[in-house]
Amino acid sequence: MARSELDRQIDEGAETAALFVGRFLSGAPLSEQARAPGGLARWQHVLLRLVLLGWAGWAVWTWWWLEDHERVIWWSAGAVGVLVPLIVVVHIRGGARRRHMQALVVPMSLALKETMPAWDDAQRLAAVSIPLDRSFVKIALPDGWHGQDGHKEMLRDLVHARLGGRWSGEWNLKRYPFYVLFQPQKDKVVYEVPDRVDFFAPEVQDAIAKCRPGQLVLGIDDHADALIKEMTGESAMWGLSVGSGGGKSSFLQMIITQLVAQRATVIGIDVKQSSINCFKDVPGVHLYTDPGNIGDMRAAISWGAREVEARNYVKQQNPSKEFDRLTLVLEEGNEFGDASKEWWNENKEKGDPASDPIWGDIASIMRMGRHVNVTIIGVFQDLRESAVGNRGLRNMFRLLMLGNFNANQWKMIVNTSPVPESVDKAGRMLVIEGNRRVWIQVPYADPAAFSEHCLKLRKERGYSTADLYGSPPARSPQRLPSLLQVSRPLFTKETPQAIGVAEAADAALERVPAGQSRNEEERFTSEEAERCSERFTSEPASAGQPAEAAGTPALLEKEEAPAEERPELLTLAEVSRRFAEHGVELNPNTLRTHKLRRKDFPVGVMQDDGKERFTMKVIARYYDLAWPRDNSGDATEESVDGSPDHLSENAEPAE
C-alpha cells in the first residue's frame, strides 16, 4: 500500500521532534552548526535546559490547572531578575576563555592533524587541554600512538613555538589513558660566591659567635652562608694547596684569630716572614719566621711532637682529661721542606739518616695529636707527596682546600673527574671534605686589625699554659742576610780590615753602584754596624807593628789564645756557622767538597765516635781568612799541618 504525502510528513516530523528532544536533553547544539569553543560545558547546557523545562511545566500547571495566575507572574518576574544578571556575568567572564580557546587551543588542535591523522578535528580539539594561566599543556594521545616518524619532536616543537620558552615533556605511553604533559622548565637559580667578604662584617662575626669549641668559620659559600668546619675527629688536620696570590695569608690570619678566641696555643712556622708576623705580640702565638734559623723551626716542630707524647701519656692515666688546643701552622710548606732538607744535609753527621727526620715528628703529630687536641694546618703552593717528606702524610689531611690550581694538581691531589675549573681570585677556595665540595670566599681584614683584635680577645678571655708540659723553644737572634753583611770577598789575598761604627753607618745608606761586585761594597743596617764595632778592632797599626795586629777580627783574638788552652774541635758545619756569626759566609758544602777533592786540605782530629773534627784556626789559615799575606802574594806562614796555604780555585790575584 503506497504511503501518502501526509504519512511521509508525519514520519519526518516525528523524526525531527525526536532529534530535537535528543539534542535538547544531551546538551548538544540545537542546530547543525557547531557551538563555538570556550562556552559552557555540555553538562551545564543540560542542567540549564532541564531547569527551563521544569519551570515551564510548573507554570503551565499552575496557570491552567490551579488558575493561580498571580503566583506564576511573581515567580517568573523574580526568576528573570535573578537569571539575567547572572547570565550577563557568566558571559563576560567566559569571554577570556573563549578568546583563549580561539587564539591558542583551536589553532593548536588543528596543527595536530599531521601527528594524529586518525582523529578528526573534534577529537583533536577535545584532546588539547590548556588552562588559562598556561601552566601546562596536556594532550591526549590515540591508542597505539608511539611518536613514530619524529612525531614526539614535532609535538615538542609545536608547544615551544605556540607558547614560547622551554618546555619539558612527560610521556605516558604504557597505560591508558595515554597522554603527554608539557610543563615549563624552571630557570635554575645561579648562586655566586661573593667577590669580597669583610671579616668584621656582622654576618661573619655572628657565625663565629655561634661556633662551638673546635669549630671554625672558613668563609662564605655561594648561598651567602658561613661555611663552618670542625677541627676535630677525622677532620682535625687541614691541608691547603693554593697557588701564589690565592689568599693563603688572609686565610691563616683569619683562622689564627679564631683560634686565639678559643684560647688556643699557636705555633707558627713561616719562612716567607710576612703571612703571620702580625701576631708576634699576641700571647700564646709563638712565631718562627727567620729563614736563616731553620733549626729554630725544626726545634719548634719537635717540641710539638714531644707535647703530643706527653699529652697522650697523661690521657692514658686520666682518660677524662681534656686539653686546650695546640695548633701547628706550617706556612709555605714547599719552601720549608726544601730549606729543612738543605739544613739537614749541611748539619747531619756520619751515620745519620739521609732523609730529613723532621717529617717524622710531623707524622707523629698528625697520627697521635687529634686525640689530645693537637692539630696541624699545612699550607702549600703545591701539595705534592714529596713536599711532605714522601711519608704518605698527604692523605692524612682529611679536609683539603684548593685555590689557583691546575688540572694536573687536581688529578694528583683529589683524582676525580671531571676536573672543576679553578677560579683564579684571591681568597676563592674549593673546600673538599669527602665527597662534598663547596666554593667559598675567605674573609679578609687588615693584618693590623687582626693583631689588635687578638690582643683584645686575649685580654677578655684569658690564656693559660696549664696544658703545656714544656715551653716552646727560644728563638735565635735573626741572622743578617749575606748581601747586607759587610765583609771582604772570600778566598782572596786581601787582608780583612776593621770597620768602625761611623763607616758602618755610612755604608748602610749607600747602594751598590752599577757594575760593582756585591762582595766589595754592601748595604747593611745600623744594628749590624754596632755588631761589627764589637767584633772588629778599629785602632790603626802603629809603626813597626805587624799588619795582622791592625784591623784583625776579634776571631783572631780568640784563636791566638795562650798555647796552654786546648783548641775547640768542631764539625765543618759548625765551623761554617761560627764564621757566619762573624760576618763571613763559608758554605759547608764547599768545605766538604774541598775536603774530599783537595789533597792539601787540613787533616782533622779523629774522635772516639769515628768523626773527624777541625779547629777554627786551621780552616781560617787554609782559606787565608785571618792570616794576611805580604805584598808579593807569597804566604808568610804555613798551614797548621805544615803544608803551604792554598786558596780556592776562584782565588783572585793580589793587587
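Owing to the predicted nature of the structure, the values given are computational and were not obtained by experimental measurement.

How each quantity is defined
Residue numbers run consecutively from 1 along every chain, following the written order of its sequence. This being a predicted model, a pLDDT of at least 70 is required before a residue's local features are given, and a value of 80 or more before pairs of side-chain atoms are given or counted; all residues contribute to the totals for chains, interfaces and linings. For side-chain calculations, the full set of non-hydrogen atoms in the structure is used, while hydrogens and water are omitted. In this text, helices come from DSSP runs of H or I with a minimum length of four residues, and strands from runs of E with a minimum of two, each type numbered from the N-terminal end. Exposure classes here rest on a 1.4 Å probe applied to the protein chains alone. A residue is buried below 20% of its type maximum, exposed above 50%, and partly exposed in between. Whether two residues are in contact is decided by their heavy atoms, any of which lying within 4.5 Å being enough. A helix is expected to reach a length of 1.5 Å times the quantity of its residues less one. Here a salt bridge means any side-chain nitrogen of Lys or Arg lying within 4 Å of a carboxyl oxygen belonging to Asp or Glu. Joining through side-chain atoms within 4.5 Å is the link that ties buried Ala, Val, Leu, Ile, Met, Phe, Trp, Tyr and Cys residues into a set, and such a set is a nonpolar core. Two rings belonging to Phe, Tyr or Trp (six-membered ring only in the last case) form a pair when the distance between their centres is within 6.5 Å. Interplanar angles under 30 degrees mark stacking, angles over 60 mark edge-to-face geometry, and anything in between is tilted. In this scheme, the term charge over a ring applies when either NZ of a lysine or CZ of an arginine sits within 6 Å of the ring centre and within 35 degrees of the ring normal. Any two strands between which DSSP finds at least two bridges are classified as paired. Only the contacting stretch of a helix is used when fitting its axis, a line to C-alpha atoms as for every element, and angles between N-to-C directions run 0 to 180 degrees. Put simply, angles under 35 degrees are roughly parallel, angles over 145 are roughly antiparallel, angles from 65 to 115 are roughly perpendicular, and the rest are oblique. Handedness of each helix crossing follows the sense of rotation of the near helix against the far helix: counterclockwise by less than a right angle gives left-handed, clockwise gives right-handed. Nonpolar residues are Ala, Val, Leu, Ile, Met, Phe, Trp, Tyr, Cys and Pro. Charged residues are Asp, Glu, Lys and Arg, and all others, Gly as well, are polar. Note that a disulfide, as used here, is simply two cysteine sulfur atoms within 2.5 Å. Patch members must show over 30% relative accessible area and no salt bridge, and they are joined within 9 Å when carrying like charges or within 5 Å when they are nonpolar side chains of Val, Leu, Ile, Met, Phe, Trp or Tyr. For every accessible area listed, the method is Shrake-Rupley and the probe measures 1.4 Å; residues are considered covered only by the protein chains on display. Per residue, pLDDT captures the predictor's confidence, and it can take any value from 0 to 100.

**Topic: the overall build of the protein chain**
Here's step 1: Broken down by element type, the protein chain carries 18 helices and 16 strands.
Here's step 2: Residue burial in the protein chain is summarised as follows: out of 655 residues, 41% are buried.
Here's step 3: When contacts within the protein chain are restricted to residue pairs at least 6 apart in sequence, long-range pairs at least 24 apart make up 63% of them.

**Comments concerning helix 2 (residues 42-65)**
Here's step 1: Given a rise of 1.5 Å per residue, 24 residues ought to cover 34 Å, and the 34 Å separating the end C-alpha atoms of helix 2 matches this to within 8%.
Here's step 2: Buried within helix 2 we find His-45, Val-46, Arg-49, Ala-59 and Thr-62.
Here's step 3: Against the buried residues of helix 2 lie helix 1 (5-26) and helix 3 (69-111).
Here's step 4: Trailing helix 2 by a residue or two, Glu-67 shows a phi angle of about 55°, which is positive.

**Overview of the pattern of salt bridges**
Here's step 1: For the structure shown, the criterion picks out 19 salt bridges.
Here's step 2: Lys-272 is the salt-bridge partner of Glu-332, the closest N and O atoms lying 3.5 Å from each other. Here the residue Glu-332 occupies a position in the loop between strand 10 (326-331) and helix 9 (333-347), and Lys-272 occupies one in the loop between strand 8 (265-270) and strand 9 (285-288), the gap between them amounting to 60 residues.
Here's step 3: Lys-272 sits in the partly exposed class, given a relative accessible area of 34%.

**So, the nonpolar core**
Here's step 1: Within the largest apolar cluster, 46 residues are counted, with the highest numbers of intra-cluster contacts made by Trp-238, Phe-251, Phe-279, Met-401 and Ile-440.
Here's step 2: For this core, the leading source of residues is helix 7 (residues 248-261), giving eight residues.
Here's step 3: Ignoring anything within four residues of it in the chain, the contact list for Trp-238 reads Leu-216, Leu-218, Lys-229, Glu-230, Met-231, Phe-251, Ile-255, Ile-376, Ile-377, Gly-378, Phe-397 and Leu-399.
Here's step 4: Counting residues in hydrophobic clusters, the runner-up holds 43 residues, among them Leu-326, Trp-359, Ala-363 and Trp-410.

**Remarks on the packing of aromatic side chains**
Here's step 1: Evaluation of the coordinates by the stated rule reveals 15 aromatic pairs.
Here's step 2: Lying across the ring of Tyr-179, Lys-138 places its NZ or CZ 4.7 Å from the centre.
Here's step 3: When the ring centre of Trp-171 is taken as reference, the NZ or CZ atom of Lys-152 above it lies at 5.1 Å.

**Description of the pairing of strand 13 (residues 428-433)**
Residues in a regular strand point their side chains to alternate faces of the sheet.
Here's step 1: With five of six residues buried, strand 13 is to be regarded as a mostly interior element.
Here's step 2: As paired elements, strand 12 (residues 399-403) and strand 13 share four bridges and run antiparallel to each other. By the bridge assignment for strand 13, Leu-402 is matched with Leu-430.
Here's step 3: Across six bridges, the pairing between strand 13 and strand 14 (residues 436-441) is antiparallel. Each residue of the ladder has a partner; that of Val-431, found in strand 14, is Val-438.
Here's step 4: Linkage of strand 13 to strand 14, two consecutive antiparallel strands, is achieved through a turn of two residues, within which Gly-434 is found at a positive phi near 65°.

**Things to note about the sheet that holds strand 10**
Here's step 1: The ten strands lie next to each other as 6-5-14-13-12-7-11-10-8-9, forming an open sheet whose pairing is mixed. The two strands at the open ends of the sheet, each matched to only one other strand, are strand 6 (226-230) and strand 9. Taken pair by pair, the neighbouring strands of this sheet meet at an average axis angle of 25°, ignoring direction.
Here's step 2: Looking at chain direction, strand 5 (residues 215-221) and strand 14 are connected through two bridges and run antiparallel. Across the sheet, the residue bridging to Asp-221 is Ile-440, located in strand 14.

**Section: the packing of helix 9 against helix 17 (residues 588-597)**
Here's step 1: Two elements in contact, helix 9 and helix 17, have axes separated by 9 Å at closest approach and are oriented at 40°. By the criterion of interaxial angle, the relationship of helix 9 to helix 17 is oblique. Here helix 9 and helix 17 pass one another in a crossing that is left-handed. Mapping the contact onto sequence places Asn-345, Glu-346 and Asn-347 in helix 9 and Pro-588, Asn-589 and Arg-592 in helix 17.
Here's step 2: For the contact of helix 9 with helix 17, the residue count by class is one nonpolar, three polar and two charged.

**Digging into the state of the cysteines**
Here's step 1: Scanning the model with the defined rule gives zero disulfides in all.
Here's step 2: In this structure Cys-278 is a free cysteine whose sulfur lies 7.4 Å from that of Cys-454, the closest cysteine sulfur available.
Here's step 3: Looking at Cys-278, the relative accessible area reads 18%, which means it is buried.
Here's step 4: Take Cys-454: its relative accessible area is 0%, and that puts it in the buried class.

**Looking at the packing of helix 1 against helix 2**
Here's step 1: Between helix 1 and helix 2, whose axes approach to 7 Å, the crossing angle comes to 110°. Here helix 1 is positioned roughly perpendicular relative to helix 2, judged by the angle of their axes. Mapping the contact onto sequence places Arg-23, Phe-24, Leu-25 and Ser-26 in helix 1 and Arg-42, Val-46, Arg-49, Leu-50 and Leu-53 in helix 2.
Here's step 2: A class-by-class count of the residues in the contact of helix 1 with helix 2 yields five nonpolar, one polar and three charged.

**Some points on a nonpolar patch on the surface**
Here's step 1: On the surface, a nonpolar cluster with roughly 450 Å² of combined accessible area is contributed by Phe-20, Val-21, Leu-25, Leu-50 and Leu-53.
Here's step 2: Breaking the nonpolar patch down by element, the ones donating at least two residues are helix 1 and helix 2.
Here's step 3: Counting residues per element, the nonpolar patch draws most heavily on helix 1, at three residues.
Here's step 4: Looking at the element boundaries, Leu-25 is found in helix 1.
Here's step 5: Here Leu-25 falls in the partly exposed class, since its relative accessible area comes to 45%.

**Considerations on the confidence of the model for the protein chain**
Here's step 1: With 79% of its residues at a pLDDT of at least 70, the protein chain reaches an overall mean of 77.
Here's step 2: Within the model, the stretch residues 487-564 combines pLDDT values under 50 with 103 contacts to residues more than four positions away or in other chains.
Here's step 3: Scored below 50 in pLDDT, residues 626-655 shows 53 contacts in the model against residues more than four places distant or in partner chains.

**A closer look at the sheet that holds strand 1 (residues 128-129)**
Here's step 1: Taking strand neighbours across the sheet as the criterion, the four strands line up as 1-2-4-3 in an open arrangement whose pairing is antiparallel. Whereas interior strands pair on both sides, the edge strands pair on one side only; in this sheet they are strand 1 and strand 3 (167-172).
Here's step 2: Relative to strand 4 (residues 179-184), strand 3 is paired through six bridges, and the arrangement is antiparallel. Across the sheet, Gly-169 pairs through a bridge with Phe-182, a residue of strand 4.
Here's step 3: Together, strand 2 (137-140), strand 3 and strand 4 form the strand contacts of helix 5 (residues 151-163), whose direction differs from that of strand 3 by roughly 140°.

**Some details on the side chain of His-151**
Here's step 1: Looking at the element boundaries, His-151 is found in helix 5.
Here's step 2: In this structure His-151 comes out as buried when scored by relative accessible area, which is 11%.

**Remarks on helix 5**
Note that an α-helix has 3.6 residues per turn; residues three or four places apart therefore point the same way.
Here's step 1: With 13 residues, helix 5 should cover 18 Å at 1.5 Å per step; its first-to-last C-alpha distance of 18 Å lies within 8% of that length.
Here's step 2: Among all positions in helix 5, only His-151, Leu-155, Leu-158, Val-159, His-160 and Leu-163 are buried.
Here's step 3: Buried residues along helix 5 sit against helix 3, strand 2, strand 3 and strand 4.

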